[in-house]
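# Structure at a glance
Next come the chains, spelled out residue by residue.
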Amino acid sequence: MTEPSGRRERKKAATRQKIADTALRLFLERGYDAVGIRDVAAEADVAVTTVFAHFASKEALVFERDQDFEQRLTRAVTDRPPHEPLIAALHREVQALVQHCTAEDGAPVRRMIETSPALREYEESMGLRHAQALSAALAGDTRLARSATACRATARFTIDAYTLACRADDPGATVDEVFRMIEAAWEATAP
């Protein structure tokens, strides 16, 4: 996440982080369904409106790094060095994201998501949004010269690689396996 530059932005970012940290702690202690927005606001010592100023929904509190995730994937496309192959850049970024999601401290959060229909549904809709953003980044890269269909499919498979790996017994091997398939499909679409 980029560091906010001004005092006001730093205070807003600190408040947002405090709310997210408080919510996650409460969700893990009491259970996601047992905690309401009012509970989070009271524990974080902010108004309910402040919570909603930073997060659109209760589910968004769990996925507070959502924008960072999307930016990291799109930057893997747009900011990669000219000599770096696209699929290698995406593979490396997804592998790093998976390592974060499967770290020891991430296991309780992953279990909470898996046991909550609301969180699973939110995660699915997030994945679709991320795939759209990634597809747009792929389509906008003039070095790639691929069809819109190839860009959309590659973006969706990239998001699916992350999702499958976060749930796998061997996350790293899962990412590697899926990316071998993504690379083969990407190469097959070359003009």
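Preceding block: the structure.
So, here's what we can say about the structure. (Residues numbered from 1 in each chain as written. Predicted model: local features only at pLDDT ≥ 70, side-chain atom pairs only at ≥ 80, totals over all residues. Heavy atoms only, no water.)

### Focus on the state of the cysteines
In total, this model carries one disulfide according to the counting rule given. At a sulfur-sulfur separation of 2.1 Å, the disulfide partner of Cys101 is Cys166. Of this pair, Cys101 sits in helix α6 (residues 86-101) while Cys166 sits in helix α9 (residues 148-166), placing them 65 residues apart in sequence. Neither Cys101 nor Cys166 differs from the other in exposure class; each is buried. (Disulfide = S-S within 2.5 Å. Helix = DSSP H or I, 4+ residues; strand = E, 2+ residues; numbered from the N terminus. Buried < 20%, exposed > 50% of the residue type's maximum accessible area, 1.4 Å probe, protein only.)

### Points about the pattern of salt bridges
Across all of its chains, the model carries 16 salt bridges by this definition. In this structure, the salt-bridge partner of Glu43 is Arg25, at a minimum N-O distance of 2.9 Å. In this pair, Glu43 is assigned in helix α2 (residues 37-44) and Arg25 in helix α1 (residues 7-30), connecting sequence segments 18 residues apart. The shortest N-O distance in the salt bridge between Glu114 and Arg110 comes to 3.1 Å. Here the residue Glu114 and the residue Arg110 both occupy positions in helix α7 (residues 107-115), the gap between them amounting to four residues, near one helical turn. Note on Glu114: relative accessible area 29%, which makes it partly exposed. Within the structure, one salt-bridge network assembled from shared partners comprises Arg16, Glu64, Arg65 and Asp68. (Salt bridge = Lys/Arg side-chain N within 4 Å of Asp/Glu carboxyl O.)

### Things to note about the packing of α6 against α9
Packed helix pairs are specified by the crossing angle of their axes together with the interaxial distance, meaning the distance between the axes. α9 packs onto α6 with a crossing angle of 30° between their chain directions and a minimal axis gap of 9 Å. Between α6 and α9, the angle is such that the two are roughly parallel. By crossing handedness, the relation of α6 to α9 is classed as right-handed. Residue-level inspection shows Ile87, Leu90, Val94, Leu97, Val98 and Cys101 of α6 in contact with α9, the latter providing Thr154, Thr158, Tyr162, Ala165 and Cys166. Broken down by class, the residue content of the contact of α6 with α9 amounts to nine nonpolar, two polar and no charged. (Axes fitted to C-alpha atoms, helices over the stretch in contact; angles between N-to-C directions. Parallel < 35°, antiparallel > 145°, perpendicular 65-115°, else oblique. Left-handed = near helix turned anticlockwise from the far one by under 90°. Contact = heavy atoms within 4.5 Å. Nonpolar A, V, L, I, M, F, W, Y, C, P; charged D, E, K, R; others polar.)

### Here we look at the packing of aromatic side chains
One pass over the structure, following the stated rule, counts three aromatic pairs. Plain terms: the ring middles of Phe27 and Tyr32 are 4.9 Å apart, the flat faces sit at 65° to each other, and that makes the pair edge-to-face. Like Phe27, the residue Tyr32 is buried in the burial classification. Just above the ring of Tyr32 sits the side chain of Lys58; from NZ or CZ to the centre is 4.2 Å. (Phe/Tyr/Trp six-rings, centres within 6.5 Å; stacked < 30°, edge-to-face > 60°. Lys NZ or Arg CZ within 6 Å of the ring centre and 35° of its normal.)

### Considering α9
Taking 1.5 Å per residue, 19 residues should reach 27 Å; α9 reaches 27 Å between its end C-alpha atoms and fits that length. Among all positions of α9, only Ala150, Cys151, Thr154, Ala155, Thr158, Ile159, Ala161, Tyr162, Ala165 and Cys166 are buried. All buried residues of α9 fall inside an arc of 165° around its axis, so they share one side. (Expected span 1.5 Å × (residues − 1). Arc of directions from axis to C-beta.)

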